[in-house]
Amino acid sequence: MQSPGALEISRRDLLAASAATVTVASAHSLGHAQTKATTAPQSTKVTFTVNGEGRELQLDNRTTLLDALREHLHLTGTKKGCDHGQCGACTVLIDGRRVNACLTLAVMHEGDSITTLEGLGQPENLHPMQAAFVKHDGFQCGYCTPGQICSSVAMLEEIKANIPSHVTVDLTAPAEITPAEIRERMSGNICRCGAYSNIVEAITEVAGRKA
Amino acid sequence: MRFDTPAATNPIDQGKVIGKPIPRIDGPLKTTGKAIYAYEWHDPNTRYAYGYIVGSAIAKGRIRSMDVAAARTAPGVIAVVTSDGVGELKKGKYNTAKLFGGTEIQHYHQAIAVVVAETFEEARAAAALVKVDYAEEKGAFDLTAAKDSAIEPEGGGDSGAGDFDAAFEAAPVKLDQVYTTPDQSHAMMEPHASIAAWNGDDLTVWTSSQMIDWWRTDLATTLGIDKDKVHLMSPFIGGGFGVKLFLRADAVLAALAAREAKRPVKVALPRPFLMNNTTHRPATIQRIRIGAGRDGKITAIAHESWSGDLPGGGPEVAVQQTRLLYAGANRMTAMRLATLDLPEGNAMRAPGEAPGMMALEIAIDEMAERLGLDPVEFRIINDTQVDPENPERPFSHRNLVGCLRTGAERFGWQERSKQPGARREGNWLIGMGVAAAFRNNLVLNSGARVRLDREGVVTVETDMTDIGTGSYTIIAQTAAEMLGVPIEKVAVSLGDSRFPVSSGSGGQFGGNCSTAGVYAACAKLREAVAQKLGFNRTDDLVFADGEVRSGDRRMPLAQAAGDEGLVAEDLIEFGDLTKTHQQSTFGAHFVEVAVDVATGETRIRRMLAVCAAGRILNPITARSQVIGAMTMGVGGALTEELVVDKKRGFFVNHDLAAYEVPVHADIPHQEVVFLDETDPMSSPMKAKGIAELGICGVAAAVANAIYNATGIRVREYPITLDKLIEELPEIS
C-alpha cells in the first residue's frame, strides 16, 4: 500500500496516522499513486436508464452511483447518510433488486435499469408504499425514508420469490410475510428517529393488500 | 403577547384541528424525495464547487506546519483553505471548541483545512494529499482517571435540603451504588452539510440547523461580519437530537471556502467525522445514595455525578431529575467536572435527564427490592406534588402516579415474577422492568408572522425548524384552529432567517413554544381581521368554517384580506410561571425482555410508554416522537457506546457500523398512551414537551427487566452480553 514517498514520514507521524485513522493513512498513499499517474482523472461514458428515462453521463470513474444520481442527475431523493454501506439511506432498485448506491460505482451500471424513490411515485400520485408510510407515520426527519421505501418494495418481492432470511424457520415451506421477517430483512436500513414500529405497520399493510 | 398568567379558555380548546390525528403535511414530500435538504439545493445556472474537510490526526497539540503543495496542484483543485492560513477566528458563543482557525488543536478530527475542487471525487482525493506536521501534547482522555481532579463547575450547581448525612445514617434501609453511562453519539441520518454562496458582502447558507438564529449569530461572529449580512435557510433537517443546535464546521468551512474559491461551495461532513468532529453526550460516573423507612418512604436521597469536557465546557447535568422526581426531606445533589481533551461534550436528546434517569431508575428498582416493595408502588409512595427542595413551589400539573397505574394495568404488570430469574421459556429468561419518565418543560420566546390572502389562504412564517418533530403539521393545525380554516388552507414556511426568530428545536421546547408563537401572531391577525370587517365587539368573535361571526353577523374571512392581504406578527414572551411553578413532563416505561440463557443476548419483547405531558397537539406526531425516543433508549441500554482510545484520545468506533444504534430487528411493536390533560401554566397551547420525555427512563426499564429476567444487576451501560454471561445460569 505504501508508495515510496510515504516512507519519508517519521515513525512518530506514521504511528499518529495509522493509529488515529485508517482513512487518512490509506487515502494518503492512494493520493501519491494518483499524482504519479496522468494528471486528469480517468473518466468513462456510461449509459443507463433511470426511472424509465435513458441517461448518458461522462463520469469520473470514482463516482459512485449515489453521487451520479445526486450530483449529476440531481435526483436527490436518494440520500447520502454514511457513504459506506452502513445505513441504507441510499437504497435504490437496480433491475428490481435493492442495492446501496454508495457501494457501487456508476460506471459499473452500463445498460442497467435503475429505479429511485422519484420513480415510484410523486406527491400527487403516491406509490402504495409511499402512501402507507404517510398514513402510518413511518418516518420523522425523512432522511432514511427513501431508502426504507425502496428497500421495502424490493424486500416484499424477495419474500414472494421465496428467498429465505436469517429468521426463516422452515426452508422447505414458502417464505411468509411476518413482522419478524420484515424486521430482519429491513435491518440494513437504519432509522435514527426510530420509526421502526410504524414502518413495519406500513409495510404489513401494503403486503396484505397485495396478497 | 406576554404569557405571565395561566391560560384561560381560548380558541385552541375547541379542538377541531388541534389534538386531531392529522398525518404530516410534509409527508408526501418526504416520501417522494421532494423535500430538499441542505446539500441538495441546486440552481442549474450555478457552478457549485465541492469542499472536503481535513481533520486533525492528533487530539491535542499544535500545528507546526502544513504542506498543501500537492493538494493545490492536484487535478480539479480550486482552493485550499487551512486553519493556520486563516489565523485565529472568533469563537461562536455556543461552541466550546473552535470550529476552525488557528494552529492549536483541541480535539481529534478538529477541522484544520478544507480542499475545494470542481468535483467531490477530486476534492476528496486532494484532501488526502495535505501533509501536516504536528507538535503533539499529552492530553487527558480517561474520565475515571480524571475523576479525582474534577471540580465544581462554574456557577456551582450543588443543591440540597434538610440534613442528608444524618438522615441517611439513621435510615433503616439504605442503598449506596455507583452507575456509569458511556459517551454516546447522536448519529442522526443526515450528516452535517452546508452550501455557502457570497454575493459581495452578503452570505447565503443552506444548512442543516435546529436553531437558525443561534447559527446565524455564531456564523457572523466566527467570520467577523455583520449578522445582517447572513441569510440562513434550513427548511428540512435530517435529524439532529442536539448535534445541530450549535453552529458546526461545515457551515464555517463552506463560507470560507466559497469566499476563497469565489464560487458557491458545498461541504458535507463525511460520516466518520460525526463522532469526533462534532459533539457527543458525555460519559458520566454517578453515585446514588437512598435511605428509607420500612414504610417505603424516602427519608434521604443523594445523587452525585462526574463528567468531563474541554476547558470552558460544562457538565452533563445528570442529577437534574433527582432534585424533583421523588419526595424526601433530606437531600443533596452535586456535579463535578473534569477537564478532558476529548471532542466537545454537549446536549444530546434530554441532556441531564437521559443519563441521569439511566442511573436513578435502577437505584429506585434496587431500593424497592430491599424494601420488599413492588417498584411501581415504591414510586407511587414517594410521589410529590411540590418541588421537594422548595416545598412552597408546586408543580404546575403532575400525574406521574396516573402514568404508573395506567401503565401497570395495560402492560399486565401483575404477571411479573417477583423473584428474579424465575420465568423461563425454552432458552429464554423472561423479565419485566419499569421506570419513571421525567423531563423538565422548558420555555423560550418564539415569534411568527401570519399572512391572509384574498383566497382565504393563511401562510405562517417563522424560523422554527422541523427536525422530524412534526413542526410543519402542528403549526398548520394551530393556525387552522385559530383562524377557523381547514388545514388545507394553511401554508407553513420554516427555517429561514428572514422570518421571525422562534424558539427553534431543542430541549423538547419547540412544539409548545413555536405553536404558542403562532398562536400569538394569529391572535393579532384576528384583531386585524375584526377591525377590517367592521366588527365592533371582539369578545364574542368566532372564527369558523372560513367565516368570522359575531352575534347574527357573519363575514367571509377572506374578505378581510382584500387585494393587498393582511399580515400580523407577534412573539410569545414567557413570564415567570416556570419560576413560581415547577413545570415538568411525566411518564412511565414498561419493558419486557428475553435474555438468551446461553449467549446473554437480550431481545426486547414488549414496550409501553404512558405519558402525561399537557395537551397533545397531534397524537400521530407526538406518538412518533415517543416511539423514536424509546428506540434510542433501547440503544442506550444495550449497544450504544463511543469507545475511547485512552492513549490517543479519540472515539474509535466513529461510524454507523461500529457505533451500534438499534435497527429494525431490535425493536418490537411499541405502545404509547397519552393521559388526557392540559397544563394552562405552560403556554396558551397548554401543551408541554414530549420528544425527550420518551427517552428518559427507557434504558433503566430495560436494565430492570434484564435483572428481573436473570437476577444479574448491571450498573455499567451498555448492558452487553459480556456483562451478563459470567453469571448466567448453567445451561441444562
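Parameters and conventions
- Residues numbered from 1 in each chain as written.
- Chains lettered and ligands numbered in written order.
- Predicted model: local features only at pLDDT ≥ 70, side-chain atom pairs only at ≥ 80, totals over all residues.
- Heavy atoms only, no water.
- Helix = DSSP H or I, 4+ residues; strand = E, 2+ residues; numbered from the N terminus.
- Buried < 20%, exposed > 50% of the residue type's maximum accessible area, 1.4 Å probe, protein only.
- Contact = heavy atoms within 4.5 Å.
- Areas by Shrake-Rupley, 256 points an atom, 1.4 Å probe, with all protein chains shown as cover.
- Salt bridge = Lys/Arg side-chain N within 4 Å of Asp/Glu carboxyl O.
- Polar contact = N/O pair within 3.5 Å; in protein donor to acceptor, adjacent residues only side chain to side chain.
- Pairing = 2+ DSSP bridges.
- Right-handed = clockwise from strand over helix to strand, strands pointing away.
- 1 Å grid on protein atoms, 1.4 Å probe; cavity = no way out; pocket = protein on both sides within 12 Å on 5 of 7 lines; lining within 4 Å.
- Points joined across faces, edges and corners; volume = space filled by probe spheres on them.
- Nonpolar A, V, L, I, M, F, W, Y, C, P; charged D, E, K, R; others polar.
- Buried area = accessible area lost by both parts, 1.4 Å probe.
- Expected span 1.5 Å × (residues − 1).
- Domains from an automatic or database assignment.
- Axes fitted to C-alpha atoms, helices over the stretch in contact; angles between N-to-C directions.
- Parallel < 35°, antiparallel > 145°, perpendicular 65-115°, else oblique.
- Left-handed = near helix turned anticlockwise from the far one by under 90°.
- pLDDT = per-residue confidence, 0-100.
- Disulfide = S-S within 2.5 Å.

Visitor: An account of the overall build of chain A is requested, with residue identities and associated values reported.
Guide: Secondary structure summary: chain A contains 8 helices and 5 strands in total. Sequence-ordered secondary structure for chain A, helices as α and strands as β, is α-α-β-β-α-β-β-β-α-α-α-α-α. Per-residue burial for chain A yields a buried fraction of 52% across its 211 residues. Long-range pairs, those at least 24 residues apart, make up 54% of the contacts in chain A with a sequence separation of at least 6. Put simply, chain A shows about 9200 Å² of open surface, and 57% of that area lies on carbon and sulfur atoms.

Visitor: Quick rundown of the pattern of salt bridges? Include the residues and the values.
Guide: Residue and element names in this part refer to chain B. With the rule as written, the count across this model stands at 56 salt bridges over all chains. Across the pair E592 and R605 runs a salt bridge whose closest N-O atoms are separated by 3.1 Å. Here R605 lies in strand 27 (residues 602–612) and E592 lies in strand 26 (residues 584–596), a separation of 13 residues in the sequence. Given the relative accessible area of 6%, E592 is considered buried. Residue classification places R605 among the partly exposed positions, given a relative accessible area of 31%.

Visitor: Could you give an account of the side chain of S194 of chain B, with specific residues and numbers?
Guide: All names here are of chain B. Assignment of secondary structure puts S194 in strand 10 (residues 193–199). One polar contact links S194 to D250, side chain to side chain, over a distance of 2.6 Å. Within the structure, S194 has its side chain in polar contact with the backbone nitrogen of A251 (distance 3.4 Å). With sequence-adjacent residues up to four places away left out, S194 is seen in contact with V205, W206, T207, D250, A251, A254, V265, K266 and V267.

Visitor: Report on the pairing of strand 21 (residues 490–493) of chain B, specifying residues and quantitative values.
Guide: Residues and elements named next belong to chain B. Alternating residues of strand 21 divide into V490 and V492, all buried, and A491 and S493, none buried. Pairing geometry for strand 20 (residues 458–461) and strand 21, over 4 bridges, is parallel. Note that in strand 21 the partner of T459 across the bridge is A491. The parallel pair strand 20 and strand 21, bridged by helix 13 (residues 471–483), forms a crossover whose chirality is right-handed.

Visitor: Help me get a handle on empty space enclosed by the protein, residues and values and all.
Guide: Residue and element names in this part refer to chain B. The final tally for this structure, using the stated rule, is 6 cavities of 30 Å³ or more. Lining the largest cavity we find Q184, R281, A354, M358, M632, G633, G636, I695, G697, V698 and A699. Breaking the lining of the largest cavity down by element, the ones donating at least two residues are helix 10 (353–371), helix 17 (619–638) and helix 18 (698–710). In terms of residue count, helix 17 provides more of the lining of the largest cavity than any other element does, 3 residues in total. Looking at the lining of the largest cavity residue by residue, the class counts come to 6 nonpolar, 4 polar and 1 charged.

Visitor: Break down helix 4 (residues 120–127) of chain B for me, citing the residues and quoting the values.
Guide: With 7 of 8 residues buried, helix 4 of chain B is to be regarded as a mostly interior element. Taken as a whole, helix 4 of chain B has its buried residues at F120, E121, E122, A123, A125, A126 and A127 of chain B.

Visitor: So, the interface of chain A and chain B: which residues are in play, and what are the values?
Guide: Contacts between chain A and chain B engage 65 residues on the former and 74 residues on the latter. Buried surface at the junction of chain A and chain B, both sides included, amounts to about 5800 Å², of which 58% is carbon and sulfur. Among the residues of chain A in contact with chain B, Q140, R192 and Y196 of chain A are the three that bury the most area, contributing 15% of the side total. Across the contact surface, chain A and chain B share 5 salt bridges. Put simply, chain A and chain B have 28 residue pairs in polar contact (both at pLDDT 80 or more) between them. For the side of chain A that touches chain B, the elements supplying multiple residues, two or more each, are helix 1 (11–20), helix 2 (22–36), helix 3 (65–72), helix 4 (117–120), helix 5 (128–136), helix 6 (145–160), helix 7 (179–185) and helix 8 (196–210) of chain A.

Visitor: Hey, could you go over the environment of V132 of chain B for me, with residue numbers and the actual values?
Guide: All names here are of chain B. Positionally, V132 belongs in strand 7 (residues 131–136). Since its relative accessible area comes to 17%, V132 is described here as buried. Separated by 20 residues in sequence, V132 and I112 place their C-alpha atoms 9.4 Å apart. When neighbours within four sequence positions are excluded, V132 is seen to be in contact with I63, S65, M66 and I112.

Visitor: Give a detailed account of helix 12 (residues 400–411) of chain B, specifying residues and quantitative values.
Guide: Residues and elements named next belong to chain B. The first and last C-alpha atoms of helix 12 sit 16 Å apart over 12 residues, in line with the 16 Å expected at 1.5 Å per residue. When we look at burial in helix 12, the residues that qualify are L400, G402, C403, L404, G407, A408 and F411. The elements touched by buried residues of helix 12 are helix 11 (375–381), strand 18 (428–440), strand 26 and strand 27. Just past helix 12, the residue G412 takes up positive phi, approximately 75°.

Visitor: Describe the domain arrangement of chain B, listing the residues and the values that go with them.
Guide: All names here are of chain B. Domain annotation for chain B reports domain 1 (2–35 + 443–579) and domain 2 (352–441 + 583–727). The partner domain 2 presents 29 residues to the 35 residues of domain 1 that form the contact. Carbon and sulfur atoms supply 56% of the area buried between domain 1 and domain 2, which totals about 2400 Å² over both sides. R615 serves as the salt-bridge partner of D13, at 2.5 Å between the closest nitrogen and oxygen.

Visitor: An account of the packing of helix 7 (residues 212–223) of chain B against helix 8 (residues 249–261) of chain B is requested, with residue identities and associated values reported.
Guide: Residues and elements named next belong to chain B. Interhelical geometry of helix 7 versus helix 8 gives an angle of 45° and a closest axis separation of 10 Å. Classified by the interaxial angle, the pair formed by helix 7 and helix 8 is oblique. Read as a crossing pair, helix 7 and helix 8 show a hand that is right-handed. In this structure, helix 7 contributes W215, L219, T222 and L223 to the contact, and helix 8 contributes A251, V252, A255, L256 and R259. Classifying every residue of the contact of helix 7 with helix 8 gives 7 nonpolar, 1 polar and 1 charged.

Visitor: Outline the packing of helix 13 of chain B against helix 14 (residues 510–532) of chain B, supporting the account with residue identities and numerical values.
Guide: Residues and elements named next belong to chain B. Packing of helix 13 against helix 14 brings their axes to within 9 Å, and their N-to-C directions diverge by 30°. Taken as axis vectors, helix 13 and helix 14 run roughly parallel relative to one another. As for how helix 13 packs across helix 14, the hand of that crossing is right-handed. Between helix 13 and helix 14, the residues in contact are I474, I475, T478, A479, M482 and L483 and G511, S514, T515, V518, Y519, C522, A523, L525 and R526, respectively. The residue makeup of the contact of helix 13 with helix 14, split by class, is 10 nonpolar, 4 polar and 1 charged.

Visitor: Before we move on, can you summarise the environment of T116 of chain A with the specific residues and values?
Guide: All names here are of chain A. Among the secondary structure elements, T116 is positioned in the loop between strand 5 (113–115) and helix 4. For T116, a relative accessible area of 0% gives the class buried. For T116 and C90, which are 26 residues apart along the polypeptide, the C-alpha to C-alpha distance reads 9.2 Å. Not counting residues within four places of it along the chain, the set of residues in contact with T116 comprises V50, N51, L69, T78, V92 and C150.

Visitor: Quick rundown of the sheet that holds strand 24 (residues 553–556) of chain B? Include the residues and the values.
Guide: Residue and element names in this part refer to chain B. Strand order in the open sheet formed by 3 strands is 22-23-24, with antiparallel pairing between adjacent strands. At either margin of the open sheet sits one strand with a lone partner, and together these are strand 22 (542–544) and strand 24. Each strand of the sheet is rotated relative to its neighbour by a mean of 25°, with strand direction disregarded. Two elements, strand 23 (residues 547–550) and strand 24, share 4 bridges in a ladder whose sense is antiparallel. Along strand 24, the bridge assignment pairs E547 with P556.

Visitor: Account for the confidence of the model for chain A, with residues named and values stated.
Guide: Across chain A, the average pLDDT comes to 85, with 80% of residues at or above 70. Considering only residues more than four positions removed or in separate chains, one finds that residues 1–37 of chain A, a stretch of pLDDT under 50, has 33 contacts.

Visitor: I'd like a rundown of the state of the cysteines, residues and numbers included.
Guide: Tallied over the entire structure, the rule returns 0 disulfides over all chains. Distance from the sulfur of C141 of chain A, which forms no disulfide, to the nearest cysteine sulfur (C193 of chain A) is 3.8 Å.

Visitor: Describe the pairing of strand 11 (residues 202–207) of chain B, naming the residues involved and giving the relevant values.
Guide: Residues and elements named next belong to chain B. Note that strand 10 and strand 11 share 6 bridges and pair antiparallel. By the bridge assignment, W198 is partnered in strand 11 with L203. Taking the residues between adjacent antiparallel strands as the criterion, strand 10 and strand 11 are bridged by 2 residues, where G200 takes a positive phi near 65°. Note on the crossover from strand 11 through helix 7 to strand 12 (residues 230–233): the handedness is right-handed.

Visitor: Give me the lowdown on unusual backbone geometry, citing residues and values where you can.
Guide: Between Y717 of chain B and P718 of chain B the backbone carries a cis peptide bond, its omega angle lying at -5°. Of note, P718 of chain B is situated in the segment after helix 18. The backbone of D95 of chain A shows a phi angle near 50°, a positive value even though the residue is not glycine. Backbone geometry places Q508 of chain B, a non-glycine residue, at a positive phi of 50°. Residue placement: Q508 of chain B occurs in the loop between strand 21 and helix 14. For Q508 of chain B, a relative accessible area of 7% corresponds to the buried category.

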